[in-house]
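Summary of structural features
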Amino acid sequence: MDTFTIRRESEADIPAIRDLTSRAFVGKPYSNQQESSIIESLRDADALTFSFMAVKGSSLVGHIAASPVTISNGAVNWLAIGPISVDPQRQGEGIGSQLMRRVLKELREINAGGAVAVGDPTFYQRFGLEHVADLVLPGVDKQYFLAMPLADSAMPSGEVSYHRAFCS
Ligand SMILES: CC(C)(COP(=O)(O)OP(=O)(O)OC[C@H]1O[C@@H](n2cnc3c(N)ncnc32)[C@H](O)[C@@H]1OP(=O)(O)O)[C@@H](O)C(=O)NCCC(=O)NCCS
């Protein structure tokens, strides 16, 4: 397995992030193929709280984003993890896991209340996210929506609202 490093995005990385994200989500049943546009809208709205890249040599092989959400019960400082993408040729090498661990570490460092994610549950459950009966993301099938409190936060209940960049 080749080694890779994880670092924050810079402006020069934007086209590569767009390309990687578009390629990674082709054919995924939980995807509307808008993920690359969502990342750009978040960035334009100054709501891309985290944008980490996994880099091998000069090539982008993985990317993860995080952005703020609001929760109807008033829970504060929760963030959505994702989109997360790994180059289809490099999946299964641990890159996605490293990106998840990095973003969760950063979320803990900013004292985030918790994290939510939409996607393949078997992937996100490996990192502690879980289905929550009383926490819903309207319009998203419950089987693809997961959450995890961080720090000493309790699991909230209610409706989650992602940033408007996700409402394409
Ligand atoms: C999901 C994704 C980011 C995982 O990245 P990755 O680098 O392939 O993941 P890892 O190599 O760290 O794999 C970690 C584990 O999760 C498993 N896994 C990987 N992708 C998975 C998926 N889509 N669903 C379920 N399990 C998955 C791997 O088999 C591995 O398990 P193992 O350690 O028992 O072998 C990547 O497959 C991807 O870009 N998918 C397309 C985009 C996407 O669907 N993103 C939304 C996230 S659900």
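Residues numbered from 1 in each chain as written. Predicted model: local features only at pLDDT ≥ 70, side-chain atom pairs only at ≥ 80, totals over all residues. Heavy atoms only, no water.

So, the environment of Lys28
Definition in use: A run of DSSP states H or I qualifies as a helix once it reaches four residues; a run of E qualifies as a strand once it reaches two. Both are numbered from the N-terminal end.
Tracing the sequence through the fold places Lys28 in the loop between helix H1 (14-24) and helix H2 (35-44). As for Lys28 and Lys56, which are separated by 28 residues in sequence, their C-alpha atoms are 25 Å apart.

Considering the UniProt feature "domain: N-acetyltransferase" (unreviewed entry) in the protein chain
The criterion, for reference: UniProt positions are given in the numbering used here, feature names are shortened, and annotations may be inferred rather than shown by experiment.
Mapped onto the present numbering, the UniProt feature "domain: N-acetyltransferase" (unreviewed entry) falls on residues 4-151. The distance separating the terminal C-alpha atoms of residues 4-151 is 29 Å; by composition the span is 27% helix and 30% strand.

Considerations on the layout of surface pockets
Defined as follows: Here a cavity means grid points, on a 1 Å grid over the protein atoms only, where a 1.4 Å probe fits yet cannot get out; a pocket means an open set of points with protein on both sides within 12 Å along at least five of seven lines; lining residues are those with an atom within 4 Å of a point. Grid points are joined across faces, edges and corners, and a volume is the space filled by probe spheres set on the points. Gly is placed with the polar residues, together with every amino acid not listed as nonpolar (Ala, Val, Leu, Ile, Met, Phe, Trp, Tyr, Cys and Pro) or charged (Asp, Glu, Lys and Arg).
In this structure, the largest pocket occupies an estimated 1,000 Å³ of space. Elements supplying a minimum of two residues to the lining of the largest pocket: H2, strand E4 (78-86), helix H3 (95-109) and helix H4 (121-124). The element best represented in the lining of the largest pocket is E4, accounting for 6 residues. Partitioned by chemical class, the residues of the lining of the largest pocket number 19 nonpolar, 13 polar and 7 charged.

A word on the site of the ligand
Note the following rule: Throughout, the term near means that a residue has one or more heavy atoms lying within 4 Å of the molecule or strand in question. Side-chain atoms alone can form a polar contact between residues adjacent in sequence; in general such a contact is a pair of N or O atoms within 3.5 Å, and within protein one must be able to donate a hydrogen while the other accepts it. All accessible areas in this document rest on Shrake-Rupley with a 1.4 Å probe, and a residue is counted as covered only by the protein chains that are shown. Those molecules having more than half of their atoms within 2 Å of a cavity or pocket grid point set are described as sitting in that cavity or pocket.
Taken together, 20 residues form the shell around the ligand, and within it Tyr30, Val86, Gly94, Gly96 and Ser97 come nearest. Contacts to the ligand include Gln91, whose side-chain N or O atom sits 3.3 Å from an oxygen atom. A distance of 3.0 Å separates an oxygen atom of the ligand from a polar atom in the side chain of Arg126. Expressed as a share of its isolated accessible area of 840 Å², the protein-covered part of the ligand is 75%. Put simply, the ligand lies in the largest pocket. Residue assignment for the shell around the ligand shows that the elements contributing at least two residues are E4, H3 and H4.

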